[in-house]
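Below are the chains, spelled out letter by letter.
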Amino acid sequence: MNTKNIVILALLAGIGVVLHTVMPAFLTIKPDMMLAMMFLGIILIPELKSVMLLAIVTGVLSALTTSFPGGQIPNIIDKPITALIFFGLFLALKKYQNSLVSVGILTAVGTLISGTVFLSAAYFIVGLPGPFTALFVAGVLPAIALNTVTMVILYPIAQSIFKRTKLSSASVIQK
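(A) Geometry of the packing of aromatic side chains. The tally for this structure, following the rule as stated, stands at 4 aromatic pairs. The interplanar angle of 10° and the centroid separation of 4.2 Å between the aromatic rings of F39 and F86 together place this pair among those described as stacked. Placement of F39 in helix α2 (residues 34–44) and of F86 in helix α4 (residues 72–92) is noted, with a sequence separation of 47 residues between them. On the basis of relative accessibility, which here comes to 1%, the residue F86 falls in the buried class. Ring geometry for F68 versus F118: centroids 5.1 Å apart, planes at 75°, classification edge-to-face.

Here's what the structure looks like:
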C-alpha cells in the first residue's frame, strides 16, 4: 500500500462522510451514501489491505455520523463484512470488472448486503425502532437506488482520472 493509494482512499472516505452527514433520515434510518465511496475505493484499489483499511475507516466514520439510535456498533460491524463480500464478488467477476453495468449491479448488491447486515446487527444488539421491513423499505431500498446512480455517474469519471494520471495501482486502467 503506497501513499497515493492512502490519499485516494482518504479522499473517498472524506467525500463519503460528507454525503453521509448531509443525507436526511427516513424513519430514523438514512440511506448510506458512504457505501458508494467505499465501493469505488474497492474498485479502484482492489488490494486486501486497502479494502480492510477502507472498511474500518468507513465503519468508524459512519458510526460517528449515524442518526440511527444505537447504530454505532452495527455500522462498525457492517462495513468490514460488506467490504469483504463486495471485494470477493468484484474479484469473482474479473472478466466484467470494468463494465459500467457490472459496477452498478455490484453496488446494488453490496448496498443490499450492507443494509441487511446493519439492520440485523442493530436488531440483535440494540433493537430496532420500528419493523425490520419498514426500515428496510425506508432506508435500504432508497440507498440501493442512490448508491447505484451515484456509482454509475462517478465510476466513469474516476476511470478517466485514473487513466489520465496514470495511477498504475488501479484496476480501472487494466484493460
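Once you've had a look at it, read on.
(B) Representation of the nonpolar core within the structure. M38, L40, I42, I43, L44 and M151 are the most contacted members of the largest nonpolar core, which totals 27 residues. At the level of secondary structure, the elements contributing two or more residues to this core comprise α1 (3–22), α2, α3 (48–65), α4, α5 (100–125) and α6 (132–165). Sorting elements by how many residues they give to this core places α2 first, with 9 residues. Apart from the residues lying within four places of it in its own chain, the contact partners of L40 are L12, M151, L154, Y155 and A158. Formed by 10 residues, the second largest nonpolar core is a distinct cluster that contains F118, L119, A122 and V140.

(C) Just a nonpolar patch on the surface, in detail. Together, I73, I77, I81, I85, L89, V101, I105, V109, Y123, F124, I125 and V126 give the surface a local cluster of nonpolar side chains, amounting to about 1100 Å² of exposed area. At the level of secondary structure, the elements contributing two or more residues to the nonpolar patch comprise α4 and α5. By residue number, the principal contributor to the nonpolar patch is α5, which donates 6 residues. Tracing the backbone through its elements, the reader meets V126 in the loop between α5 and α6. Judged by relative accessible area, V126 falls into the partly exposed class, the value being 42%.

Cut-offs used in this document
- Residues numbered from 1 in each chain as written.
- Predicted model: local features only at pLDDT ≥ 70, side-chain atom pairs only at ≥ 80, totals over all residues.
- Heavy atoms only, no water.
- Phe/Tyr/Trp six-rings, centres within 6.5 Å; stacked < 30°, edge-to-face > 60°.
- Helix = DSSP H or I, 4+ residues; strand = E, 2+ residues; numbered from the N terminus.
- Buried < 20%, exposed > 50% of the residue type's maximum accessible area, 1.4 Å probe, protein only.
- Core = buried A, V, L, I, M, F, W, Y, C linked by side-chain atoms within 4.5 Å.
- Contact = heavy atoms within 4.5 Å.
- Patch = residues over 30% accessible without salt bridge, like charges linked within 9 Å, V, L, I, M, F, W, Y side chains within 5 Å.
- Areas by Shrake-Rupley, 256 points an atom, 1.4 Å probe, with all protein chains shown as cover.
- Salt bridge = Lys/Arg side-chain N within 4 Å of Asp/Glu carboxyl O.

Any functional reading would require information beyond the geometric quantities listed.
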